[in-house]
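Working through the structure, step by step
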Amino acid sequence: MNGLTGAYVPGSSVLHRLPAGVKLAGLALACTALVLLRTPLALAAAAVVAAALYALARVGVAAAWAQIRPVRWFAVALFVMQLIFAGLDGAISTTLRVVLAVALAGLVTLTTRTGAMMAALERCLSPARFVGLDPFRLSLLLSLTVRSVPVVAGLAARVREAQRARGVERSLRAFAVPLVVSSLRHADALGEALSARGLDD
Amino acid sequence: MKDEGKQRRLATQTLARVAVFAALIGVLGLPGTLNVFGNVVPITLQTLGVMLAGAILGSWRGALAVVVLLVLVAAGLPLLAGGRGGLGVFAAPSAGFLAGWVFGAAATGWLVERAGRDPSAVRLFAACVVGGIGVVYLFGIPVQSMITGLSLGKTALLSAGFLPGDLIKAVLAAVVVRGTQRAYPDAVPAVHQERMRAARGR
């Protein structure tokens, strides 16, 4: 598993240079505005603004499409259903609202490095300190998880091979139980190792 | 137990378990991890992972594992089924289901914690249905209805299409959790908590 890089597209546009926190706040404002816009005309204007932002960021058509692609069938189904239940105006504005919200959120993802986004999100989570989670442990938790993904994926591959050798390829149980048990063993060994390095003191 | 602050801090054991389970939920959604019936029916097991996290880690640890996964997804890592990631998934109509995962894992864990040191498969199944399906839909359906503007009833009817698959996953989760807890008793939340308490009182 080596595709764990996120969708960031390198660039030097204004949007790339804005701090992640500002972009997140802007996104929240934009999504609120989208909910408040009622007429198809207003939403069409919003679509023009979104397209202009994409052009400003210069991330390329392929990257933009990759952000919207997951909701394409949903958008079609939603449009048809709204057309039946709420008429053409409602269908256009509801569908546009959903697609635009996804597109704008995608734009923030495309123009922000994963590391910068994680730092901004960690700051958002810092009030967790009051329930006993200190920020250092929180960021350790996040980076441990990122590191654990390839480890667990490797465990899954090993269990698959063992299954093939035993001739029980079709059994979900014979896949999931060893995977979960070996993940737990790995987790508890990891916990011991962290503890041995003095993280509990 | 030295002092109150120490007790409430996230022990490294917990830290490691939460991180690995967050990763496990992510891995269960990776394409090609698991193909049932060859390649014909792509089944993602991510909701299975949510049920597993609750039933094995217990309520708040299970919920924390889901939160960690969602934070990484928000940061842009493609950890949701089908390689989805980024902030877009939280603006999409299914966003409520993601929020529901957090509370679903917590509810499943809460129920399993109360099932004693050796939870039966039936108790586990019930916990997975209540948390992994009931609570998840409870959050998912209203949000989807709000975003799409369809009535609650119609949205619920649409979501009912996922019910058979989710029920199968709940059965599978119960079987897998039962198997895991027999092979590794420390995977029972009640047993793990007892051991942690004993270790602290040392």
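Calculation notes
Residues numbered from 1 in each chain as written. Chains lettered and ligands numbered in written order. Predicted model: local features only at pLDDT ≥ 70, side-chain atom pairs only at ≥ 80, totals over all residues. Helix = DSSP H or I, 4+ residues; strand = E, 2+ residues; numbered from the N terminus. Buried ≥ 20, exposed ≤ 12 C-beta atoms within 10 Å, placed from the backbone. Contact = placed C-beta atoms within 7 Å. Nonpolar A, V, L, I, M, F, W, Y, C, P; charged D, E, K, R; others polar. Core = buried A, V, L, I, M, F, W, Y, C linked by C-beta atoms within 7 Å. Domains from an automatic or database assignment. Expected span 1.5 Å × (residues − 1). Bend = angle between axes of the 7 residues up to and from the residue. pLDDT = per-residue confidence, 0-100. Axes fitted to C-alpha atoms, helices over the stretch in contact; angles between N-to-C directions. Left-handed = near helix turned anticlockwise from the far one by under 90°.

1. So, the overall build of chain B
Within chain B, the secondary structure is distributed over 10 helices and 0 strands. For chain B, the succession of helices and strands along the chain, N to C, is α-α-α-α-α-α-α-α-α-α. The burial tally for chain B puts 55% of its 202 residues in the buried class. Restricting to contacts in chain B with at least 6 residues of sequence separation, those with at least 24 account for 71%.

2. Structural notes on the overall build of chain A
Within chain A, the regular secondary structure consists of 8 helices and 0 strands. Once the C-alpha set of chain A is aligned to its principal axes, its extents read approximately 60 × 45 × 35 Å. Residue pairs at least 24 apart in sequence account for 74% of intrachain contacts in chain A once pairs closer than 6 positions are excluded.

3. Digging into the interface of chain A and chain B
The accessible area lost on association of the parts is a frequent measure of interface size. Between chain A and chain B, the residue contacts involve 61 residues of the former and 51 residues of the latter. Of the residues forming the side of chain A that touches chain B, the biggest block, 15 residues, is contributed by helix 8 (residues 173–196) of chain A. The class makeup of the residues in the side of chain A that touches chain B is 41 nonpolar, 16 polar and 4 charged.

4. Things to note about the nonpolar core
One finds B:Ala65, B:Val66, B:Val68 and B:Ala173 to be the most contacted residues of the largest nonpolar core, which totals 121 residues. With 13 residues, the top contributor of residues to this core is helix 5 (residues 72–111) of chain A. Counting contributing residues, this core receives three or more from each of domain 1 (14–122) and domain 2 (129–196) of chain A. Excluding its chain neighbours within four sequence positions, the residues that come into contact with B:Val68 are A:Leu141, A:Leu142, A:Thr145, B:Val18, B:Ala19 and B:Ala22.

5. Thoughts on helix 3 (residues 46–57) of chain B
All names here are of chain B. The end-to-end C-alpha distance of helix 3, which contains 12 residues, comes to 16 Å, matching closely the 16 Å that a straight helix rising 1.5 Å per residue would cover. Within helix 3, 11 of the 12 residues are buried, which leaves it mostly tucked inside the rest of the structure. Every buried residue belonging to helix 3 is among Thr47, Leu48, Gly49, Val50, Met51, Leu52, Ala53, Gly54, Ala55, Ile56 and Leu57, and all of these are buried. Residue Gly58 follows helix 3 closely and has a positive phi angle near 90 degrees.

6. A look at the environment of A:Ser93
All names here are of chain A. Turning to its location among the elements, Ser93 is positioned in helix 5. With 23 C-beta atoms counted inside 10 Å, the residue Ser93 sits in the buried group. Taking the C-alpha atoms as reference points, Ser93 and Ala42, 51 residues apart in sequence, are found 8.8 Å from one another. Those residues in contact with Ser93 that lie beyond four places of it in its chain are Arg38, Thr39, Pro40 and Leu43.

7. Side note on helix 7 (residues 135–166) of chain A
Residues and elements named next belong to chain A. With 32 residues, helix 7 ought to run about 46 Å at 1.5 Å a step, and its terminal C-alpha atoms sit 45 Å apart, in line with that. The sharpest bend along helix 7 reaches about 30 degrees and sits at Ser148, with the proline Pro150 one to four residues further on. Directly after helix 7, the chain includes Gly167, whose backbone phi takes a positive value near 75 degrees.

8. What about the environment of A:Thr112?
Residue and element names in this part refer to chain A. By the secondary structure assignment, Thr112 is in the loop between helix 5 and helix 6 (114–124). The class for Thr112 is buried, based on 26 C-beta atoms found within 10 Å. Sequence separation between Thr112 and Leu194 is 82 residues; the distance between their C-alpha atoms is 31 Å. In contact with Thr112, not counting residues within four places along its chain, are Tyr8, Ala20, Lys23 and Met117.

9. What about the confidence of the model for chain B?
Residue and element names in this part refer to chain B. Residue-level pLDDT values for chain B average 84, and 87% of them are 70 or greater. Per-residue pLDDT, averaged within each element of chain B, yields its smallest value for helix 1 (residues 4–8) (42) and its largest for helix 6 (residues 95–113) (94). Under a pLDDT of 50 for its full length, residues 1–8 has, in the predicted model, 4 contacts with residues more than four places off or in other chains.

10. Some thoughts on unusual backbone geometry
Here the phi dihedral of A:Arg58 falls at roughly 50 degrees; this positive angle occurs in a residue that is not glycine. Relative to the elements of secondary structure, A:Arg58 occurs in the loop between helix 3 (40–57) and helix 4 (61–68).

11. Let's talk about the packing of helix 3 of chain B against helix 4 (residues 59–74) of chain B
The geometry of a pair of packed helices is captured by two quantities: the angle between their axes and the separation between those axes. All names here are of chain B. The geometry of helix 3 relative to helix 4 is characterised by a closest axis approach of 7 Å and an angle of 145 degrees between their N-to-C directions. Note on packing geometry: the crossing formed by helix 3 with helix 4 is right-handed. Across from Val50, Ala53, Gly54 and Leu57 in helix 3, the residues of helix 4 making contact are Arg61, Gly62, Ala65 and Val66. Residue composition of the contact of helix 3 with helix 4, grouped by class: 5 nonpolar, 2 polar and 1 charged.

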